[in-house]
2 protein chains.
Amino acid sequence: MMRLPPLNALKAFEAAARHGGFVGASEELHVTRGAISRHVKLLEDHLGVQLFVRQAQGVRLTPAGTAFLPVVSEAFGMIGRAAEAVSSDASELRILCPPGTSIRWLLPKLEDFRQAHPDLNVRLITDFYPDSGFDAIDVDVGFSVSNWPKRKPDLEVQTLFPILLTPACAPDYLRGKALKAPEALTACELLHETRSHGDWKAWIDAFDPAGVVSTAGQEFPNIDIATKAAVMGVGVVMADLVLCRDELETGVLVAPFSDMVCKSPDGDICLIGGRDKWQTPKVEAFRLWAYGVAEADRAAVDKFVNANLQADREQSFNS
Amino acid sequence: MMRLPPLNALKAFEAAARHGGFVGASEELHVTRGAISRHVKLLEDHLGVQLFVRQAQGVRLTPAGTAFLPVVSEAFGMIGRAAEAVSSDASELRILCPPGTSIRWLLPKLEDFRQAHPDLNVRLITDFYPDSGFDAIDVDVGFSVSNWPKRKPDLEVQTLFPILLTPACAPDYLRGKALKAPEALTACELLHETRSHGDWKAWIDAFDPAGVVSTAGQEFPNIDIATKAAVMGVGVVMADLVLCRDELETGVLVAPFSDMVCKSPDGDICLIGGRDKWQTPKVEAFRLWAYGVAEADRAAVDKFVNANLQADREQSFNS
DNA sequence: TCCATGGCTCATTTTTTCTGACCCTATGAG
DNA sequence: CTCATAGGGTCAGAAAAAATGAGCCATGGA
């Protein structure tokens with residue numbers, strides 16, 4: 001196979017042909033006419049063919065040039081488009097995140113990430129699993145335990161924070177009832193996400209309050225609405241210490257059994273991503289940021305749990 | 001549209017990917033490994049994507065690289081093939097020439113041209129007209145008068161030499177008959193090319209010898225065989241002063257009516273070519289050479305005609 | 001453990017490319 | 001007819017890009 005012609009000369013040729021003259025080409029390529037002239041001559045020498053007919057008012061393609069141009073144009077077009085695709089692919093970060101975590105945790109913080117990486121085109125897909133395969137997303141901010149088949153490609157996993165659960169309700173709601181022991185929940189509205197009653201079930205399984213059944217209560221389309229309902233005094237939600245941190249810290253929600261904290265059956269919230277994309281700059285940047293952001297949540301969770309174990313211990317000591 | 005990536009870096013990338021390592025690429029491109037390394041890095045920076053995973057025993061393409069490579073390869077392939085085509089087209093000279101002129105005039109001289117232009121790939125197409133259009137040939141060494149449609153593209157024409165006709169036969173054949181006057185040809189075998197009896201007809205029309213009909217005589221597949229038959233003493237051929245110059249000058253053929261010379265109905269032998277290719281180096285080179293070679297034939301024809309007009313005049317004077 | 005392979009880096013050439021000033025030619029207006 | 005303009009060609013010198021080559025580092029197999 002013939003050695004490729006000088007590629008930069010080809011670029012000059014293509015531009016000159018497109019503009020019908022060396023002046024136009026020189027402006028497009030930000031060089032002088034002389035440079036274009038030399039490039040074209042070099043190419044002509046290489047091919048052994050005259051590509052242009054030089055005339056007073058510009059240049060015209062020779063038959064050889066006419067045959068050559070469309071191929072070169074098309075080839076450059078292909079390369080340009082492919083480069084664009086590869087490049088924009090590199091600048092697009094597709095994040096998958098389940099609705100609850102998305103609305104209550106990721107979304108509010110994401111603007112900060114966007115501003116820290118204005119070159120990245122962030123796309124949040126709020127769902128439990130992606131429509132197409134795992135290839136279509138760069139990273140999943142999701143549950144460590146799940147039943148959708150993420151395992152196709154080799155996956156990397158990095159834990160952000162644990163999902164710790166305890167019942168929570170509005171202070172007013174609490175005032176109406178005497179929630180000293182978990183058995184008192186039988187008299188309460190349990191607030192659920194439509195999808196599952198798994199969180200309540202896990203907590204009930206862990207602390208076994210007599211007479212409390214996880215299937216009782218009201219349902220809401222997602223945990224955010226359920227939490228807001230709890231704030232409005234509708235009932236008791238199974239609060240995620242991280243997702244409801246704000247409400248618990250500001251006191252719009254209180255945890256009547258704050259020493260009774262259990263892990264979610266969904267496991268932890270993790271970053272999960274294909275090994276092939278794990279080290280790419282965009283994913284790496286996101287991982288670094290997310291882990292940093294989650295630091296505060298991990299600390300808050302630890303503090304909550306420690307404080308209440310302490311309280312528990314003191315309480316035990318006093319009684 | 002995105003600006004094209006640095007093309008030489010692309011070349012390095014493509015070679016490296018093909019060889020699965022920078023060493024292979026560096027050998028192919030005759031540069032050091034460092035150079036390839038820099039090129040690839042430049043490209044990666046430009047695209048903002050890692051193209052290779054560096055490993056101890058070479059490199060492996062990343063998903064981005066895998067997507068990018070085939071496009072680049074294909075684009076380079078296109079360019080390479082097109083360059084090859086344009087280039088070889090420039091070095092291939094396709095000459096069309098009718099059989100008689102081809103065998104008796106062009107072909108014996110063509111080796112000289114080939115040696116003068118060893119870079120040119122000369123292709124002689126021996127036929128009256130080309131299979132496909134005039135575009136498929138670069139130049140026609142043919143008749144100025146013909147009925148095949150050469151006129152499609154704008155044509156340039158350059159006369160090489162006239163086609164002048166006079167009967168000729170072997171000296172022995174002459175000895176057997178008394179060919180004083182053209183009417184004596186009634187007793188001779190007229191030798192024709194199968195294709196046409198046009199040359200004899202033209203001569204008979206011009207000099208009007210009583211009783212001689214152009215349709216009489218024997219036929220041969222081409223004028224070369226007919227001429228050779230004449231040399232062997234089979235009959236009288238209508239000799240072209242140029243094509244039969246050798247035979248006439250060496251005396252293996254003699255012209256009994258050498259003062260009776262007429263023009264062929266086919267006109268002159270000319271170079272005929274499309275205007276678009278007329279000035280190309282290969283055609284220009286051939287034209288120059290052909291016109292130079294034909295010089296000797298023009299001179300010989302002039303000499304023959306003048307000498308015989310002279311003889312004619314002297315004969316008239318003597319009688 | 002050591003060595004071979006293969007990639008990375010960087011200061012120093014070497015090569016390529018670009019510039020900028022000038023020349024030439026054709027065209028079209030005055 | 002003359003001049004101005006547009007467009008291309010050329011060249012020496014300057015600037016930029018690329019290549020070198022010598023040393024470094026990591027890995028994987030003998």
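Remember, predicted model here, so these are calculated numbers, not experimental data. (Residues numbered from 1 in each chain as written. Chains lettered and ligands numbered in written order. Predicted model: local features only at pLDDT ≥ 70, side-chain atom pairs only at ≥ 80, totals over all residues. Heavy atoms only, no water.)

## Considering the protein's contact with DNA strand C
Okay, so step 1: Near DNA strand C there are 17 residues, and of these Thr-32 and His-39 of chain A together with Phe-22, Ser-37 and Arg-54 of chain B occur at the shortest range.
Okay, so step 2: Near-protein atoms of DNA strand C (within 4 Å) split between backbone and bases, with sugar and phosphate holding 89%.
Okay, so step 3: At a separation of 2.5 Å, a phosphate oxygen of DNA strand C approaches a polar backbone atom of Thr-32 of chain A.
Okay, so step 4: Take Arg-54 of chain B: an N or O atom from its side chain is 2.6 Å from a phosphate oxygen of DNA strand C.
Okay, so step 5: Breaking the surface near DNA strand C down by element, the ones donating at least two residues are α3 (33-47) of chain A together with α2 (22-28), α3 (33-47) and β2 (58-61) of chain B.
Okay, so step 6: The element best represented in the surface near DNA strand C is α3 of chain B, accounting for three residues. (Near = heavy atom within 4 Å. Polar contact = N/O pair within 3.5 Å; in protein donor to acceptor, adjacent residues only side chain to side chain. Helix = DSSP H or I, 4+ residues; strand = E, 2+ residues; numbered from the N terminus.)

## Quick word on the protein's contact with DNA strand D
Okay, so step 1: Of all residues adjacent to DNA strand D, which total 18 residues, the nearest are Ser-37, Lys-41 and Arg-54 of chain A together with Thr-32 and His-39 of chain B.
Okay, so step 2: A share of 90% is what sugar and phosphate atoms reach among the atoms of DNA strand D within 4 Å of the protein.
Okay, so step 3: With respect to DNA strand D, the side chain of Lys-41 of chain A contributes an N or O atom lying 3.0 Å from a phosphate oxygen.
Okay, so step 4: Take Arg-54 of chain A: an N or O atom from its side chain is 2.7 Å from a phosphate oxygen of DNA strand D.
Okay, so step 5: Those elements that place two or more of their residues in the surface near DNA strand D are α2 (22-29), α3 and β2 (58-61) of chain A together with α3 of chain B.
Okay, so step 6: Counting residues per element, the surface near DNA strand D draws most heavily on α3 of chain A, which supplies three residues.
Okay, so step 7: Taken together, the residues that form the surface near DNA strand D break down as seven nonpolar, nine polar and two charged. (Nonpolar A, V, L, I, M, F, W, Y, C, P; charged D, E, K, R; others polar.)

## Some words on the side chain of Asp-297 of chain B
Residue and element names in this part refer to chain B.
Okay, so step 1: Along the chain, Asp-297 falls in helix α11 (residues 281-318).
Okay, so step 2: Taking the relative accessible area as the measure of exposure, Asp-297 reaches 1% and is therefore buried.
Okay, so step 3: A polar atom in the side chain of Asp-297 sits 2.8 Å from the side chain of Trp-105.
Okay, so step 4: With near-sequence residues (within four places) excluded, Asp-297 lies in contact with Trp-105, Lys-109, Phe-161, Val-242 and Arg-245. (Buried < 20%, exposed > 50% of the residue type's maximum accessible area, 1.4 Å probe, protein only. Contact = heavy atoms within 4.5 Å.)

## What about unusual backbone geometry?
Most peptide bonds adopt trans geometry, and most residues besides glycine take a negative phi value.
Okay, so step 1: Phi angles above zero are rare outside glycine, and Asp-208 of chain A is one such case at about 50 degrees.
Okay, so step 2: For Asp-208 of chain A, a relative accessible area of 62% translates into the label exposed.
Okay, so step 3: Phi at His-30 of chain B is positive, roughly 60 degrees, even though this residue is not glycine.
Okay, so step 4: Checked against the element boundaries, His-30 of chain B lands in the loop between α2 and α3.

## A word on the packing of aromatic side chains
Okay, so step 1: By the definition in use, this model includes 20 aromatic pairs over all chains.
Okay, so step 2: Each ring, one from Phe-13 of chain B and one from Phe-52 of chain B, has its centre 5.5 Å from the other, and the planes form 50 degrees; the classification is tilted. Within this pair, whereas Phe-13 of chain B is found in helix α1 (residues 7-19), its partner Phe-52 of chain B is found in strand β1 (residues 52-55), the two being separated by 39 residues in sequence. You'll find Phe-13 of chain B and Phe-52 of chain B in the same group, each marked buried.
Okay, so step 3: The aromatic ring of Tyr-291 of chain A is capped on one face by Arg-298 of chain A, whose charged end is 4.0 Å from the ring centroid. (Phe/Tyr/Trp six-rings, centres within 6.5 Å; stacked < 30°, edge-to-face > 60°. Lys NZ or Arg CZ within 6 Å of the ring centre and 35° of its normal.)

## Notes on the interface of chain A and chain B
Okay, so step 1: Across the contact, 29 residues belong to chain A and 29 residues belong to chain B.
Okay, so step 2: The junction of chain A with chain B conceals about 2,800 Å² of combined surface from both sides, 81% of it contributed by carbon and sulfur atoms.
Okay, so step 3: Summed over the shared surface of chain A and chain B, the number is zero salt bridges.
Okay, so step 4: Our count for the chain A to chain B interface comes out at two residue pairs in polar contact (both at pLDDT 80 or more).
Okay, so step 5: Residue assignment for the side of chain A that touches chain B shows that the elements contributing at least two residues are α1 (7-19), α3 and α4 (63-91) of chain A.
Okay, so step 6: If one sorts the elements of the side of chain A that touches chain B by residue count, α4 of chain A sits on top with 16 residues.
Okay, so step 7: Grouping the amino acids of the side of chain A that touches chain B by side-chain chemistry returns 20 nonpolar, five polar and four charged. (Buried area = accessible area lost by both parts, 1.4 Å probe. Salt bridge = Lys/Arg side-chain N within 4 Å of Asp/Glu carboxyl O.)

## Section: the sheet that holds strand β5 (residues 139-143) of chain B
Residue and element names in this part refer to chain B.
Okay, so step 1: Reading across from one edge, β4-β3-β5-β10-β6-β9-β7-β8 is the order of the eight strands in this open sheet, with mixed pairing throughout. Each edge of the sheet is formed by a strand with only one pairing partner; in this case those strands are β4 (121-126) and β8 (218-220). Averaged over all pairs of adjacent strands, the angle between strand axes in this sheet comes to 25 degrees, irrespective of strand direction.
Okay, so step 2: Across three bridges, strand β7 (residues 190-193) lies against β8 in parallel orientation. Opposite Leu-191, over in β8, you have Gln-218 as the bridge partner.
Okay, so step 3: Most of the contacts of helix α5 (residues 99-116) go to β4, to which it runs at about 175 degrees, and overall it touches β3 (92-97), β4, β5, β6 (155-168) and β10 (262-274). (Pairing = 2+ DSSP bridges. Axes fitted to C-alpha atoms, helices over the stretch in contact; angles between N-to-C directions.)

## Observations regarding helix α7 (residues 198-207) of chain B
Residue and element names in this part refer to chain B.
Okay, so step 1: Among all positions of α7, only Trp-200, Ala-202, Trp-203 and Ile-204 are buried.
Okay, so step 2: In this structure, the buried residues of α7 make contact with β6, β7, β9 (236-240) and β10.
Okay, so step 3: Of the residues flanking the end of α7, it is Asp-208, one or two places downstream, whose phi is positive at about 50 degrees.

## Describing the domain arrangement of chain A
Okay, so step 1: You can read the domains of chain A as domain 1 (7-90), domain 2 (95-159 + 272-298) and domain 3 (163-267).
Okay, so step 2: Here the C-alpha centroids of domain 1 of chain A and domain 2 of chain A sit 44 Å apart. (Domains from an automatic or database assignment.)

## What about the relation of the copies chain A and chain B?
Okay, so step 1: Expressed as a screw operation, the relation of chain A to chain B combines 0.2 Å of axial shift with a rotation of 180 degrees, fitting to an RMSD of 0.6 Å. The transformation just described matches what one would write down for a two-fold rotation axis. If distances are taken from each C-alpha of chain A to the rotation axis, the shortest is found for Ala-75 of chain A, at 2.4 Å.
Okay, so step 2: A share of 100% of the interface residues of chain A reappears at the interface of chain B, consistent with the copies meeting face to face through the same patch. (Least-squares fit on C-alpha atoms with pLDDT ≥ 70 in both.)

## Looking at the confidence of the model for chain A
Okay, so step 1: When pLDDT is averaged along chain A, the result is 87, and 93% of the positions lie at 70 or above.
Okay, so step 2: Ranking the helices and strands of chain A by mean pLDDT puts helix α5 (residues 99-116) of chain A first, with 95, and helix α10 (residues 275-278) of chain A last, with 79. (pLDDT = per-residue confidence, 0-100.)

## Observations regarding the pattern of salt bridges
When their charged atoms lie close together, side chains carrying opposite charge are able to pair.
Residue and element names in this part refer to chain A.
Okay, so step 1: The final tally for this structure, using the stated rule, is 36 salt bridges over all chains.
Okay, so step 2: One salt bridge connects Arg-54 with Glu-44, and the closest N-O pair in it is separated by 2.8 Å. Of the two residues, Arg-54 is situated in strand β1 (residues 52-55) and Glu-44 in helix α3; the sequence distance between them amounts to ten residues.
Okay, so step 3: Since its relative accessible area comes to 38%, Arg-54 is described here as partly exposed.

## A look at the packing of α1 of chain A against α1 of chain B
Okay, so step 1: Packing of α1 of chain A against α1 of chain B leaves a shortest axis separation of 8 Å and a crossing angle of 130 degrees. Taken together, the axes of α1 of chain A and α1 of chain B are oblique relative to one another. Seen from α1 of chain A, the contacting residues are Leu-7, Asn-8 and Lys-11 of chain A; seen from α1 of chain B, they are Leu-7, Asn-8 and Lys-11 of chain B.
Okay, so step 2: When the residues that make up the contact of α1 of chain A with α1 of chain B are grouped by side-chain class, the tally is two nonpolar, two polar and two charged. (Parallel < 35°, antiparallel > 145°, perpendicular 65-115°, else oblique.)

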